[in-house]
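Architecture and fold: a report
The primary structure of each chain is shown beneath.
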Amino acid sequence: MNILVTFDYEIYFGVNHGTVDKCIIYPTSELIRIAEIHKVNFCFFVDSGFILKLAEYKRTFPQLEKDYASIIAQIKYLSDSGHDIQLHIHPHWEDSYYDGERWIINTSRYKLVDFNDSDISSIVRRYKNILGEITGKEIFAYRAGGWCMQPFRKLQKAFKENRISLDSSVFRNGAYSSLQYAYDFRNSPNKDIYKFDDDPIVENQDGYFTELPISSIFNSPIFFWKLFFLGRKNPYLHKPLGDGRAIPAPGQRKKMLTRYTNCTVSVDGYNAQLLEKSLKITKKKKFDNLVIIGHPKSLSRYSILKLEEFIRKNKTTHSFTTYTNKFKIDK
Ligand SMILES: [Zn+2]
């Protein structure tokens, strides 16, 4: 089995966005530590719009100069050590700015499809190029910010122009919409890899794009109640390492606490408890790929311990690998 442990590398986008050190640098350094002990690689989908914003403001604000330098150095180190650096687009950076003390994050255009065609094309090109410049490597895989990439028909041309040929955003049966979010992956193929062209949930064998969906698991409300109480009982172990807050997602918590929900297989916080079970389910389905999502900012001490335990147990039988190592196709 190919096991792709993937992380969306970003700060928070709520009113309290948190610090670069606590949301990104420190938790990622913990991942590097584990990777080096066990000689495995991870994949990082980097929110490169943030890097472009830091570059824009760093001359005026010394704190940002420091944030910029530590992010660039860490990404370079990750890439040079064989971890994958790939593209994660949060286009709301286009409308956001730094006021001298904090980022004023405007998420009124949260989805890439909220922009017009020429903006989309420029965002994809600029956000991709900066990662190529930092790593010196080809960037070809994508994860949509907040899973929002529909209708994909609006993005298809810009992605082809920039040779972004692999997507890893879909999770089977996931669906949500709010003021900022809109995604609907109900009816996506029950497969661990497939081709598509103008719609990531419709298989098309002649399509330009490959979809490697994030693995998903059906989860009971009891699991989330446990999570809720554990967090209160032992915050040292269960509190996220990141020091910010997410954009509100109305209705999500109530839904999870009251009925069975389809969730991504995740290493964030208490979700890491399900890694072993998710691997078993994936094997049972006879899939070859398990794609796990995580965010450095949402890791907890507990989830780091669980991830390491999962790797220790499975690294000889399975391959903890990257998109570049297993799925790179020259286009
Ligand atoms: Zn993100």
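A few points on the structure. All values derive from a computational prediction rather than experimental measurement.

1. Observations concerning the overall build of the protein chain
On a plain count of helices and strands, the protein chain comes out with 11 helices and 15 strands. Reported as C-alpha extents along the three principal axes, the dimensions of the protein chain are approximately 50 × 50 × 40 Å. Within the span of the protein chain, comprising 331 residues, buried residues form 43% of the whole. Taking the intrachain contacts of the protein chain between residues at least 6 apart in sequence as the baseline, contacts between residues at least 24 apart amount to 79%.

2. Some words on unusual backbone geometry
In this model, Gln150 is joined to Pro151 through a cis peptide bond whose omega is 0°. Locating Pro151 in the fold gives a position in the loop between strand 6 (141–144) and helix 5 (156–161). Phi is positive for Lys39, close to 55°, though the residue is something other than glycine. Inspection of the secondary structure assignment puts Lys39 in the loop between helix 1 (20–38) and strand 2 (43–47). Taking the number of C-beta atoms within 10 Å as the measure of exposure, Lys39 has 10 and is therefore exposed.

3. Some points on the packing of helix 1 against helix 3 (residues 62–80)
Between helix 1 and helix 3, the least distance of the axes is 11 Å, while the angle of their chain directions is 25°. By the angle class used here, helix 1 and helix 3 are roughly parallel. In the packing of helix 1 onto helix 3, the handedness of the crossing is left-handed. Taken together, the residues of helix 3 that come into contact with helix 1 (itself represented by Val20, Ile24, Ile25 and Thr28) are Asp67, Ser70, Ile71 and Gln74.

4. Some thoughts on the packing of helix 2 (residues 48–57) against helix 3
The axes of two packed helices give the description: the angle between them and the distance between them. The geometry of helix 2 relative to helix 3 is characterised by a closest axis approach of 9 Å and an angle of 140° between their N-to-C directions. When the axis of helix 2 is compared with that of helix 3, the two are oblique. Crossing angle aside, the handedness with which helix 2 passes helix 3 is left-handed. Together, Ile51, Leu54, Ala55 and Tyr57 of helix 2 and Leu64, Asp67, Tyr68 and Ile71 of helix 3 make up the contact between the two elements. Among the residues forming the contact of helix 2 with helix 3, the class breakdown is 7 nonpolar, no polar and 1 charged.

5. Quick word on the environment of Tyr260
Among the structural elements, Tyr260 can be located in the loop between helix 8 (252–258) and strand 13 (261–264). Judged by the 13 C-beta atoms lying within 10 Å of it, Tyr260 is partly exposed. For the pair Tyr260 and Asn219, spaced 41 residues apart in sequence, the C-alpha separation works out to 5.4 Å. In this structure, Tyr260 is in contact with Phe218, Asn219 and Ser220, ignoring residues within four places of it in sequence.

6. Focus on the environment of Lys137
Positionally, Lys137 belongs in the loop between helix 4 (117–135) and strand 6. Between the alpha carbons of Lys137 and Ile85 there is a distance of 8.6 Å; along the sequence they are 52 residues apart. Those residues in contact with Lys137 that lie beyond four places of it in its chain are Ser79 and Gly132.

7. Some points on the nonpolar core
Buried together is how nonpolar side chains tend to be arranged in soluble globular proteins. Formed by 82 residues in total, the largest nonpolar core has its most connected members in Val5, Phe44, Leu87, Leu166 and Ile292. In terms of residues, this core owes the most to one element, helix 4, which gives 7 residues. Discounting residues that sit within four places of it in the chain, Ile292 has contacts with Ile3, Leu4, Val5, Thr6, Ser215, Val265, Ser266, Val267 and Leu275.

8. Quick notes on helix 1
The α-helix advances 3.6 residues per turn, and as a result positions three or four apart in sequence lie on the same side. Over its 19 residues, helix 1 runs 26 Å from end to end, which matches the ideal 27 Å to within 8%, given 1.5 Å per residue. Burial in helix 1 covers these residues: Val20, Cys23, Ile24, Pro27, Thr28, Leu31 and Ala35. Down the axis of helix 1, the buried side of the element spans an arc of 150°, and every buried residue falls inside it. Turned more than 90 degrees away from the buried face of helix 1 sit Arg33, Glu36 and Ile37, all of them exposed. Its buried side turned inward, helix 1 meets strand 1 (2–9) and helix 3.

Criteria and cut-off values
Residues numbered from 1 in each chain as written. Predicted model: local features only at pLDDT ≥ 70, side-chain atom pairs only at ≥ 80, totals over all residues. Helix = DSSP H or I, 4+ residues; strand = E, 2+ residues; numbered from the N terminus. Buried ≥ 20, exposed ≤ 12 C-beta atoms within 10 Å, placed from the backbone. Contact = placed C-beta atoms within 7 Å. Axes fitted to C-alpha atoms, helices over the stretch in contact; angles between N-to-C directions. Parallel < 35°, antiparallel > 145°, perpendicular 65-115°, else oblique. Left-handed = near helix turned anticlockwise from the far one by under 90°. Nonpolar A, V, L, I, M, F, W, Y, C, P; charged D, E, K, R; others polar. Core = buried A, V, L, I, M, F, W, Y, C linked by C-beta atoms within 7 Å. Expected span 1.5 Å × (residues − 1). Arc of directions from axis to C-beta.

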